[in-house]
Amino acid sequence: MSRRGSEGEDIIGRWSEGKLDLLAQYLQAYSTIMSNQKTSNNPTGKPWLRAYYYIDAFAGSVKPVAKDEQRYIDGSPLRALQTEPRFDGYWFIDVSPQRIERVERLREDFPDCIIETRLGDCNDVLRNDIIPKVLRSPKQRTFVFLDPYGLQVDWETVRELANTRTCDIFINFSVMGVTRLLPRDQNPEPEVVEQLSKVMGSTNWITQIYREPPATQLDLFGNPSEPSLSRDTIRSEWLASLYTNQLRELFRYVSRPVLMKNSTNSALYALCLASHNETAIRITNDIFNRYDQLRVLGS
Ligand SMILES: C[S@@+](CC[C@H](N)C(=O)[O-])C[C@H]1O[C@@H](n2cnc3c(N)ncnc32)[C@H](O)[C@@H]1O
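Parameters at a glance
Every chain begins its residue count from 1, and numbering advances along the sequence as written. Side-chain atom pairs in this predicted model are given and counted only at pLDDT of 80 or more, local residue features only at pLDDT of at least 70, and totals for whole chains, interfaces and linings cover all residues. Here, nearness means that the C-beta atom of a residue, built from backbone geometry, sits within 6 Å of the molecule or strand in question. Throughout this entry, Asp, Glu, Lys and Arg are counted as charged residues, while Ala, Val, Leu, Ile, Met, Phe, Trp, Tyr, Cys and Pro are counted as nonpolar. The remaining residues, Gly among them, count as polar. Domain start and stop positions are those given by an automatic or database domain assignment. Contact between two residues is assigned when their C-beta atoms, built from the backbone, lie within 7 Å. Segments assigned H or I by DSSP are reported as helices when at least four residues long, segments assigned E as strands when at least two residues long, and all are numbered from the N terminus. Here a strand pair is declared whenever DSSP counts at least two bridges between the two strands. Counts of 20 or more other C-beta atoms within 10 Å of a residue's own C-beta define buried residues, counts of 12 or fewer define exposed ones, and intermediate counts define partly exposed ones; C-beta atoms are placed from the backbone. Handedness of a crossover is defined as follows: with both strands directed away from the viewer, a clockwise route from the first strand across the helix to the second makes it right-handed.

A.B. asks: How would you explain the site of the ligand if you had to name every residue and give the values?
C.D. replies: Taken together, 18 residues lie around the ligand, and Phe58, Gly60, Gly75, Ser76 and Cys122 are the ones closest in. Residue classes in the shell around the ligand are distributed as 8 nonpolar, 5 polar and 5 charged.

The structure is reproduced here in C-alpha coordinates:
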(Lines give C-alpha, C1' and ligand atoms only; values in the text may rest on other atoms or scores of the structure.)
Protein backbone atom coordinates (compact mmCIF):
# COMPACT_ATOMS: atom_id res chain seq x y z
CA MET A 1 0.00 0.00 0.00
CA SER A 2 1.21 3.49 -0.69
CA ARG A 3 1.35 6.29 1.89
CA ARG A 4 -1.29 9.00 1.73
CA GLY A 5 -1.06 12.77 2.32
CA SER A 6 -3.58 14.88 4.26
CA GLU A 7 -5.94 15.10 1.26
CA GLY A 8 -5.69 11.46 0.29
CA GLU A 9 -3.04 12.08 -2.36
CA ASP A 10 -0.24 9.54 -2.88
CA ILE A 11 3.14 10.32 -1.34
CA ILE A 12 5.71 9.23 -3.86
CA GLY A 13 9.45 8.61 -3.97
CA ARG A 14 12.10 9.70 -6.45
CA TRP A 15 11.64 6.60 -8.56
CA SER A 16 7.98 7.51 -9.16
CA GLU A 17 9.03 10.89 -10.47
CA GLY A 18 11.45 9.07 -12.77
CA LYS A 19 8.58 6.90 -14.03
CA LEU A 20 6.42 9.97 -14.72
CA ASP A 21 9.28 11.68 -16.59
CA LEU A 22 9.75 8.56 -18.74
CA LEU A 23 6.02 8.52 -19.43
CA ALA A 24 6.03 12.21 -20.44
CA GLN A 25 9.01 11.75 -22.76
CA TYR A 26 7.42 8.80 -24.51
CA LEU A 27 4.00 10.51 -24.79
CA GLN A 28 5.67 13.48 -26.45
CA ALA A 29 7.29 11.25 -29.08
CA TYR A 30 4.14 9.14 -29.55
CA SER A 31 1.85 12.12 -29.99
CA THR A 32 4.18 13.84 -32.47
CA ILE A 33 4.35 10.70 -34.63
CA MET A 34 0.61 10.00 -34.40
CA SER A 35 -0.42 13.56 -35.26
CA ASN A 36 1.73 13.30 -38.42
CA GLN A 37 -0.16 10.16 -39.41
CA LYS A 38 -3.34 12.26 -39.44
CA THR A 39 -1.84 14.53 -42.11
CA SER A 40 0.11 13.81 -45.29
CA ASN A 41 3.28 14.63 -43.36
CA ASN A 42 4.27 10.96 -42.97
CA PRO A 43 6.31 8.44 -45.03
CA THR A 44 3.23 7.16 -46.91
CA GLY A 45 2.33 10.72 -47.94
CA LYS A 46 -1.32 9.97 -47.09
CA PRO A 47 -3.28 10.63 -43.92
CA TRP A 48 -4.49 7.22 -42.72
CA LEU A 49 -5.13 7.76 -39.01
CA ARG A 50 -8.45 9.20 -37.84
CA ALA A 51 -7.78 9.61 -34.13
CA TYR A 52 -5.48 8.58 -31.31
CA TYR A 53 -6.34 8.28 -27.62
CA TYR A 54 -4.74 8.09 -24.19
CA ILE A 55 -6.06 5.67 -21.55
CA ASP A 56 -4.88 5.89 -17.96
CA ALA A 57 -6.17 2.69 -16.34
CA PHE A 58 -4.88 3.64 -12.84
CA ALA A 59 -5.33 7.41 -12.89
CA GLY A 60 -4.27 8.06 -9.29
CA SER A 61 -4.45 11.22 -7.20
CA VAL A 62 -3.63 13.70 -10.03
CA LYS A 63 -1.15 15.67 -7.93
CA PRO A 64 0.85 13.33 -5.68
CA VAL A 65 3.26 14.79 -3.12
CA ALA A 66 7.02 14.19 -3.15
CA LYS A 67 8.19 12.21 -0.13
CA ASP A 68 9.94 14.32 2.54
CA GLU A 69 9.23 17.56 0.65
CA GLN A 70 6.23 19.86 0.52
CA ARG A 71 6.14 19.69 -3.25
CA TYR A 72 3.31 18.61 -5.53
CA ILE A 73 4.13 16.64 -8.64
CA ASP A 74 2.09 16.33 -11.82
CA GLY A 75 0.72 12.78 -11.87
CA SER A 76 0.08 10.75 -15.01
CA PRO A 77 -3.27 12.42 -15.96
CA LEU A 78 -1.58 15.83 -16.01
CA ARG A 79 1.45 14.51 -17.90
CA ALA A 80 -0.91 13.22 -20.59
CA LEU A 81 -3.10 16.34 -20.76
CA GLN A 82 -0.02 18.59 -21.00
CA THR A 83 1.42 16.61 -23.94
CA GLU A 84 1.52 18.53 -27.24
CA PRO A 85 0.17 17.86 -29.81
CA ARG A 86 -2.99 16.87 -27.99
CA PHE A 87 -4.58 13.45 -28.08
CA ASP A 88 -8.07 13.22 -29.61
CA GLY A 89 -9.47 11.95 -26.32
CA TYR A 90 -8.47 10.87 -22.82
CA TRP A 91 -9.93 8.08 -20.70
CA PHE A 92 -9.22 7.94 -16.99
CA ILE A 93 -10.14 4.95 -14.85
CA ASP A 94 -9.78 4.48 -11.09
CA VAL A 95 -11.49 2.42 -8.38
CA SER A 96 -11.55 5.39 -6.03
CA PRO A 97 -14.53 7.80 -6.32
CA GLN A 98 -12.44 10.65 -4.78
CA ARG A 99 -9.77 10.17 -7.40
CA ILE A 100 -12.25 10.11 -10.25
CA GLU A 101 -13.72 13.36 -8.86
CA ARG A 102 -10.24 14.92 -8.93
CA VAL A 103 -9.78 13.86 -12.54
CA GLU A 104 -13.18 15.27 -13.46
CA ARG A 105 -12.14 18.67 -12.08
CA LEU A 106 -9.38 18.72 -14.71
CA ARG A 107 -12.02 19.50 -17.33
CA GLU A 108 -11.98 23.10 -16.02
CA ASP A 109 -8.23 23.42 -16.63
CA PHE A 110 -8.31 21.64 -19.99
CA PRO A 111 -11.62 22.77 -21.54
CA ASP A 112 -10.51 21.84 -25.06
CA CYS A 113 -9.68 18.24 -24.18
CA ILE A 114 -12.24 15.45 -24.44
CA ILE A 115 -12.04 13.75 -21.05
CA GLU A 116 -13.97 10.56 -20.25
CA THR A 117 -13.86 8.98 -16.82
CA ARG A 118 -14.82 5.54 -15.54
CA LEU A 119 -15.13 4.48 -11.91
CA GLY A 120 -14.30 0.82 -11.31
CA ASP A 121 -11.82 -2.00 -11.71
CA CYS A 122 -9.91 -1.24 -14.90
CA ASN A 123 -9.93 -4.90 -15.95
CA ASP A 124 -13.75 -4.83 -16.11
CA VAL A 125 -13.94 -1.36 -17.60
CA LEU A 126 -11.38 -2.08 -20.33
CA ARG A 127 -12.69 -5.51 -21.25
CA ASN A 128 -16.43 -4.86 -21.04
CA ASP A 129 -16.70 -1.20 -21.99
CA ILE A 130 -13.75 0.51 -23.66
CA ILE A 131 -12.15 -2.26 -25.76
CA PRO A 132 -15.39 -3.43 -27.44
CA LYS A 133 -16.67 0.11 -28.04
CA VAL A 134 -13.59 2.09 -28.90
CA LEU A 135 -10.42 0.17 -29.58
CA ARG A 136 -11.29 -2.02 -32.51
CA SER A 137 -11.16 0.47 -35.39
CA PRO A 138 -8.02 -0.06 -37.53
CA LYS A 139 -7.89 3.70 -38.20
CA GLN A 140 -7.45 4.59 -34.55
CA ARG A 141 -4.53 4.12 -32.18
CA THR A 142 -4.45 4.11 -28.38
CA PHE A 143 -1.75 4.41 -25.77
CA VAL A 144 -2.65 2.62 -22.52
CA PHE A 145 -0.80 3.34 -19.27
CA LEU A 146 -1.06 0.51 -16.70
CA ASP A 147 0.34 1.74 -13.41
CA PRO A 148 -1.01 -0.37 -10.50
CA TYR A 149 0.20 -0.40 -6.90
CA GLY A 150 0.63 -4.18 -7.09
CA LEU A 151 -0.68 -7.14 -9.06
CA GLN A 152 -3.95 -5.61 -10.30
CA VAL A 153 -3.46 -6.01 -14.06
CA ASP A 154 -4.96 -9.29 -15.29
CA TRP A 155 -3.10 -11.14 -18.03
CA GLU A 156 -6.44 -11.53 -19.81
CA THR A 157 -6.74 -7.72 -20.00
CA VAL A 158 -3.25 -7.48 -21.49
CA ARG A 159 -4.19 -10.19 -24.01
CA GLU A 160 -7.39 -8.37 -25.04
CA LEU A 161 -5.51 -5.09 -25.45
CA ALA A 162 -2.89 -6.88 -27.60
CA ASN A 163 -5.60 -8.52 -29.71
CA THR A 164 -7.00 -5.13 -30.76
CA ARG A 165 -3.66 -4.63 -32.63
CA THR A 166 -4.23 -0.88 -32.23
CA CYS A 167 -2.88 -0.35 -28.69
CA ASP A 168 0.54 0.24 -27.18
CA ILE A 169 0.75 -0.57 -23.49
CA PHE A 170 3.17 1.08 -21.09
CA ILE A 171 3.14 -1.13 -18.01
CA ASN A 172 4.70 -0.77 -14.61
CA PHE A 173 4.95 -4.41 -13.54
CA SER A 174 5.28 -5.05 -9.79
CA VAL A 175 8.33 -7.35 -9.41
CA MET A 176 8.15 -6.72 -5.67
CA GLY A 177 4.52 -7.87 -5.63
CA VAL A 178 5.49 -11.20 -7.19
CA THR A 179 8.53 -11.83 -4.99
CA ARG A 180 6.53 -11.14 -1.83
CA LEU A 181 4.02 -13.84 -2.72
CA LEU A 182 6.58 -16.62 -3.00
CA PRO A 183 7.67 -18.24 0.29
CA ARG A 184 11.35 -19.12 0.70
CA ASP A 185 11.05 -22.59 2.21
CA GLN A 186 7.96 -24.22 0.78
CA ASN A 187 5.98 -24.42 -2.40
CA PRO A 188 3.48 -21.59 -2.76
CA GLU A 189 -0.14 -22.41 -1.88
CA PRO A 190 -2.43 -23.17 -4.85
CA GLU A 191 -4.22 -19.80 -4.34
CA VAL A 192 -0.92 -17.99 -4.80
CA VAL A 193 -0.15 -19.93 -7.98
CA GLU A 194 -3.63 -19.05 -9.24
CA GLN A 195 -3.09 -15.37 -8.42
CA LEU A 196 0.24 -15.36 -10.28
CA SER A 197 -1.29 -17.13 -13.24
CA LYS A 198 -4.01 -14.46 -13.39
CA VAL A 199 -1.34 -11.77 -13.59
CA MET A 200 1.45 -13.40 -15.60
CA GLY A 201 -0.31 -15.93 -17.80
CA SER A 202 2.05 -18.82 -17.19
CA THR A 203 3.35 -20.22 -13.89
CA ASN A 204 5.68 -22.95 -15.26
CA TRP A 205 8.63 -20.90 -14.10
CA ILE A 206 7.66 -21.35 -10.42
CA THR A 207 8.79 -24.99 -10.33
CA GLN A 208 12.19 -23.95 -11.72
CA ILE A 209 12.98 -21.69 -8.75
CA TYR A 210 12.23 -24.26 -6.02
CA ARG A 211 14.57 -27.19 -5.38
CA GLU A 212 14.98 -30.06 -2.95
CA PRO A 213 17.98 -29.78 -0.61
CA PRO A 214 20.57 -32.63 -0.65
CA ALA A 215 18.95 -35.76 0.90
CA THR A 216 21.89 -36.30 3.29
CA GLN A 217 21.17 -33.14 5.31
CA LEU A 218 21.10 -33.90 9.10
CA ASP A 219 19.09 -32.21 11.82
CA LEU A 220 20.49 -30.95 15.19
CA PHE A 221 20.53 -34.49 16.62
CA GLY A 222 22.39 -36.01 13.70
CA ASN A 223 19.30 -37.63 12.19
CA PRO A 224 18.48 -37.21 8.51
CA SER A 225 16.13 -34.24 8.33
CA GLU A 226 12.88 -34.06 6.38
CA PRO A 227 13.90 -32.60 3.04
CA SER A 228 12.25 -29.21 2.63
CA LEU A 229 12.09 -27.07 -0.43
CA SER A 230 14.00 -23.85 -0.77
CA ARG A 231 13.79 -21.30 -3.49
CA ASP A 232 16.57 -19.45 -5.21
CA THR A 233 16.82 -15.73 -4.63
CA ILE A 234 14.62 -14.18 -7.28
CA ARG A 235 16.62 -11.62 -9.19
CA SER A 236 14.49 -8.67 -10.25
CA GLU A 237 16.23 -8.51 -13.64
CA TRP A 238 15.28 -12.15 -14.21
CA LEU A 239 11.66 -11.61 -13.21
CA ALA A 240 11.42 -8.50 -15.37
CA SER A 241 12.70 -10.35 -18.43
CA LEU A 242 10.39 -13.26 -17.68
CA TYR A 243 7.45 -10.84 -17.86
CA THR A 244 8.69 -9.10 -21.02
CA ASN A 245 9.18 -12.51 -22.66
CA GLN A 246 5.58 -13.38 -21.79
CA LEU A 247 4.48 -10.08 -23.34
CA ARG A 248 6.32 -11.03 -26.56
CA GLU A 249 3.81 -13.83 -27.00
CA LEU A 250 1.05 -11.23 -27.31
CA PHE A 251 2.75 -8.19 -28.83
CA ARG A 252 5.14 -8.30 -31.76
CA TYR A 253 7.63 -5.91 -30.11
CA VAL A 254 8.50 -5.29 -26.47
CA SER A 255 11.06 -2.84 -25.09
CA ARG A 256 13.73 -3.78 -22.61
CA PRO A 257 12.44 -3.38 -19.03
CA VAL A 258 13.79 -0.56 -16.89
CA LEU A 259 13.89 -1.33 -13.17
CA MET A 260 12.37 1.25 -10.86
CA LYS A 261 14.33 1.20 -7.59
CA ASN A 262 13.72 2.82 -4.23
CA SER A 263 16.24 4.82 -2.17
CA THR A 264 17.80 1.60 -0.79
CA ASN A 265 18.32 0.31 -4.35
CA SER A 266 15.63 -2.40 -4.10
CA ALA A 267 13.76 -3.01 -7.33
CA LEU A 268 10.04 -2.34 -6.97
CA TYR A 269 8.72 -2.35 -10.52
CA ALA A 270 9.81 -3.03 -14.08
CA LEU A 271 8.56 -0.52 -16.63
CA CYS A 272 8.27 -1.52 -20.29
CA LEU A 273 6.42 -0.80 -23.52
CA ALA A 274 4.67 -3.47 -25.59
CA SER A 275 3.59 -2.58 -29.12
CA HIS A 276 2.93 -3.88 -32.60
CA ASN A 277 5.24 -1.19 -33.97
CA GLU A 278 9.01 -1.53 -34.03
CA THR A 279 9.73 2.23 -34.09
CA ALA A 280 7.83 2.63 -30.81
CA ILE A 281 10.20 0.18 -29.18
CA ARG A 282 13.34 1.80 -30.60
CA ILE A 283 12.22 5.17 -29.21
CA THR A 284 11.39 3.67 -25.80
CA ASN A 285 14.72 1.85 -25.54
CA ASP A 286 16.55 5.13 -26.36
CA ILE A 287 14.59 6.95 -23.64
CA PHE A 288 15.26 4.11 -21.13
CA ASN A 289 18.99 3.99 -21.99
CA ARG A 290 19.34 7.74 -21.40
CA TYR A 291 17.50 7.37 -18.08
CA ASP A 292 19.85 4.55 -16.96
CA GLN A 293 22.92 6.58 -17.96
CA LEU A 294 21.72 9.57 -15.93
CA ARG A 295 20.96 7.27 -12.99
CA VAL A 296 24.54 5.94 -13.06
CA LEU A 297 25.95 9.49 -13.23
CA GLY A 298 23.71 10.57 -10.33
CA SER A 299 24.59 7.65 -8.05
C1 LIG B 1 0.07 3.87 -8.42
S2 LIG B 1 -1.45 4.70 -8.34
C3 LIG B 1 -1.52 5.46 -9.91
C4 LIG B 1 -0.60 6.64 -10.05
C5 LIG B 1 -0.79 7.44 -11.32
N6 LIG B 1 -0.75 6.59 -12.50
C7 LIG B 1 0.29 8.48 -11.43
O8 LIG B 1 1.37 8.17 -11.95
O9 LIG B 1 0.05 9.61 -11.02
C10 LIG B 1 -2.62 3.44 -8.47
C11 LIG B 1 -4.07 3.90 -8.57
O12 LIG B 1 -4.84 2.78 -8.99
C13 LIG B 1 -6.10 2.77 -8.33
N14 LIG B 1 -6.52 1.36 -8.42
C15 LIG B 1 -6.20 0.31 -7.62
N16 LIG B 1 -6.73 -0.84 -8.10
C17 LIG B 1 -7.38 -0.51 -9.25
C18 LIG B 1 -8.10 -1.25 -10.23
N19 LIG B 1 -8.25 -2.57 -10.13
N20 LIG B 1 -8.63 -0.58 -11.29
C21 LIG B 1 -8.49 0.75 -11.40
N22 LIG B 1 -7.82 1.52 -10.50
C23 LIG B 1 -7.26 0.90 -9.46
C24 LIG B 1 -5.81 3.33 -6.97
O25 LIG B 1 -7.00 3.93 -6.43
C26 LIG B 1 -4.71 4.37 -7.28
O27 LIG B 1 -5.28 5.62 -7.48
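A.B. asks: Please set out the domain arrangement of the protein chain residue by residue, giving values where relevant.
C.D. replies: How big an interface is tends to be stated in terms of accessible area lost as the parts join. The assigned domain composition of the protein chain is domain 1 (3-182 + 236-298) and domain 2 (184-233). Just the C-alpha atoms count here: the centres of domain 1 and domain 2 sit 35 Å apart. If you look at the interface, domain 1 gives 10 residues, while domain 2 gives 11 residues. Elements that contribute at least two residues to the side of domain 1 that touches domain 2 include exactly helix H6 (175-181) and helix H9 (236-247).

A.B. asks: Got a sec to walk through the sheet that holds strand E1 (residues 3-4)? Specific residues and values, please.
C.D. replies: With mixed pairing, 3 strands are arranged side by side in an open sheet as E1-E2-E4. Each having just a single partner strand, E1 and strand E4 (65-66) make up the two edges of the open sheet. Strand direction decides the pairing type here: strand E2 (residues 10-12) and E4, joined by 2 bridges, are parallel. Opposite Ile11, over in E4, you have Val65 as the bridge partner.

A.B. asks: Go over the pairing of strand E5 (residues 89-94), please, and point to the residues and values.
C.D. replies: With 5 of 6 residues buried, E5 is to be regarded as a mostly interior element. Of the strand pairs in this sheet, E5 and strand E6 (residues 115-119) are connected by 5 bridges, and their pairing is parallel. Bridging from a neighbouring strand, Phe92 pairs with Thr117 of E6. One crossover worth recording links E5 to the parallel E6 by way of helix H3 (residues 97-109), and it is right-handed.

A.B. asks: So, the environment of Ile206: which residues are in play, and what are the values?
C.D. replies: Within the secondary structure, Ile206 sits in helix H8 (residues 204-209). Separated by 31 residues in the primary sequence, Ile206 and Val175 have C-alpha atoms spaced 14 Å apart. Residues contacting Ile206, with those up to four places away along its chain left out, are Pro188 and Val193.

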